[in-house]
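For reference, the chains in residue letters:
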Amino acid sequence: MRQPVPNYRRCARKTIWAAHANLRRKSMIDIVCGGQAGDEGKGKISAYLSYKGNYDYCVRVGGPNAGHTVVKDGKSYTLKNIPSGFLNPKTKLVLGAGAYTKTEWLLEEVKLTGTRDRLIIDPYAVLISDEQTAAEKNASHFMQHIGSVGTGLGQAVRDRIERRDIKFAKDEPLLKDFIQDVPELLNGCLDKGGEILLEGTQGIKLSLLHGEYPFVTSRDTTASTFLGEAGLGPKSVRDVYVVFKPYITRVGPGPLERELTDEKQLEVYHTKGHEVGSVSKRLRRIGAFESRSAARAIMINNCTKIAITHIDMFPGNDRVKKYEDFSSEAKTFLDNLKALCARTYPHPEIALISTGPDMEDTLVL
Ligand code: IMP
Ligand code: MG
């Protein structure tokens, strides 16, 4: 029998076409990172970007020690598990292999946000056990020395690193409808020209690698790690948003420049500024804006766009709608930040300014 003769010219054309198609893949991942010690308002910024944007997927990595707050039309959601992009009904919500959650906490949030039909979980996202939470809560090293939130994340990360018998999302029957191959799904979306928002947790000062060790969380908290935790690569990144407040907060111990001690001033931050731990419920410590750590956050994350939240903590800036209407104190802060961006690669622009708690209280520059 005659063997079919391979059509080498056609094969070669196909291969070349495929290579070009790959080269042509547009950069369609935006990442949201924290530029300080967590609680910069990443939840609000992710929610805003997702609501106004056209993302196919909003991906969350990291653990439930990070509470992301989203306020829409006066209704406030504190999310420890579900990505903050849930308000856009067209956006599917994804937990990557670098996400840690607890089945009951996750399902509670799924119910609260009505997102059962659009949640996708990587089989290797980790489910924190009650034993891991108890072990962390009972360890004075975690709770007193580091000031851990006590969710069990640190213990779960430790058990994963030690290759213990931990529970993955694929092992939980209650989650079986949500399980999909996340790297395949997300990279397939990019191949088709889709868009992805990657929501990170905590901030540079809490990074296990680049933060203020030992007063840090149990993971790195920068853009490149978030990508790896989701199963994405760096070539498809469009913008990296780094979120800052005009001051810094910390819920646990650790360095804070020029920490505020005046009780009356602190009370304003704790009341008007809602500076109370969304998961830990501890009153947050308040320090001054740190230019050096801001520059490191821009540098390490390769930040292209900056989002400022809590600008309304400068008196007279509540729900300001135009840049010209900011107070001179707020303008001086923004001018100094612009100067810092001008001398720090990749010279990000200030893109978003949040002037109040609601998602819509956001100024686009
Ligand atoms: P852990 O990650 O719960 O072990 O906490 C380690 C340190 O990071 C503690 O000082 C916590 O208060 C702080 N931390 C962890 N997650 C967050 C967060 O999402 N926002 C602010 N601080 C956090
Ligand atoms: Mg938070």
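Keep in mind it's a predicted model, so treat the numbers as computed, not measured. (Residues numbered from 1 in each chain as written. Chains lettered and ligands numbered in written order. Predicted model: local features only at pLDDT ≥ 70, side-chain atom pairs only at ≥ 80, totals over all residues. Heavy atoms only, no water.)

Draft legend 1. Spotlight on the UniProt feature "binding site: substrate" (unreviewed entry) in the chain. In the numbering used here, UniProt assigns the feature "binding site: substrate" (unreviewed entry) to S278, V279, S280, K281, R282, L283 and R284. Position of S280 relative to the elements: it lies in the loop between α9 (263–271) and β12 (285–288). Classification of S280 as partly exposed rests on a relative accessible area of 23%. Along the chain, K281 falls in the loop between α9 and β12. (UniProt positions renumbered as here; feature names shortened; annotations may be inferred. Helix = DSSP H or I, 4+ residues; strand = E, 2+ residues; numbered from the N terminus. Buried < 20%, exposed > 50% of the residue type's maximum accessible area, 1.4 Å probe, protein only.)

Draft legend 2. Just the site of ligand 1, in detail. Lining the immediate environment of ligand 1, one finds 16 residues, of which N65, S148, V149, Q202 and T217 sit closest. I146 is positioned with one of its backbone polar atoms (N or O) 3.1 Å from an oxygen atom of ligand 1. Calculation on ligand 1 without its partners gives an accessible area of 470 Å², and the protein chains cover 97% of this total. Class assignment of the residues belonging to the shell around ligand 1 gives a composition of 7 nonpolar, 7 polar and 2 charged. (Near = heavy atom within 4 Å. Polar contact = N/O pair within 3.5 Å; in protein donor to acceptor, adjacent residues only side chain to side chain. Areas by Shrake-Rupley, 256 points an atom, 1.4 Å probe, with all protein chains shown as cover. Nonpolar A, V, L, I, M, F, W, Y, C, P; charged D, E, K, R; others polar.)

Draft legend 3. Layout of helix α8 (residues 223–230). The set of residues buried in α8 consists of A223, F226, L227, E229 and A230. Looking straight down α8, one finds that the buried residues subtend no more than 165° of arc, so they occupy a single side. In α8, those exposed residues whose orientation departs by more than 90 degrees from the buried face are S224 and G228. Count one or two residues on from α8 and you reach G231, which has phi positive near 90°. (Arc of directions from axis to C-beta.)

Draft legend 4. Representation of a nonpolar patch on the surface within the structure. On the surface, a nonpolar cluster with roughly 350 Å² of combined accessible area is contributed by L208, L209 and Y213. Mapped onto the elements of the fold, L209 is located in the loop between β9 (196–199) and α8. (Patch = residues over 30% accessible without salt bridge, like charges linked within 9 Å, V, L, I, M, F, W, Y side chains within 5 Å. Salt bridge = Lys/Arg side-chain N within 4 Å of Asp/Glu carboxyl O.)

Draft legend 5. Inspection of the layout of surface pockets at higher detail. The calculated volume of the second largest pocket comes to roughly 310 Å³. As for the second largest pocket, its lining consists of 15 residues, and the residues nearest its centre are Y247, Y269, M313, F314 and E329. Contributions of two or more residues to the lining of the second largest pocket are made by α9, β12 and α11 (328–342). Of the residues in the lining of the second largest pocket, the class split is 11 nonpolar, 3 polar and 1 charged. (1 Å grid on protein atoms, 1.4 Å probe; cavity = no way out; pocket = protein on both sides within 12 Å on 5 of 7 lines; lining within 4 Å. Points joined across faces, edges and corners; volume = space filled by probe spheres on them.)

Draft legend 6. Structural context of the UniProt feature "binding site: IMP" (unreviewed entry) in the chain. In this numbering, the UniProt entry assigns the feature "binding site: IMP" (unreviewed entry) to D39, E40, G41, K42, N65, A66, G67, H68, R163, Q202, T217 and R282. The largest pairwise C-alpha distance within this set of annotated residues, which runs over 244 residues, is 33.8 Å, so the set is dispersed in three dimensions. Considering the arrangement of structural elements, one finds K42 in helix α2 (residues 42–52). Position of Q202 relative to the elements: it lies in the loop between β9 and α8. Residue class for Q202 comes out buried when judged on its relative accessible area of 7%. Side chain to side chain, Q202 and T201 meet in a polar contact 2.9 Å long.

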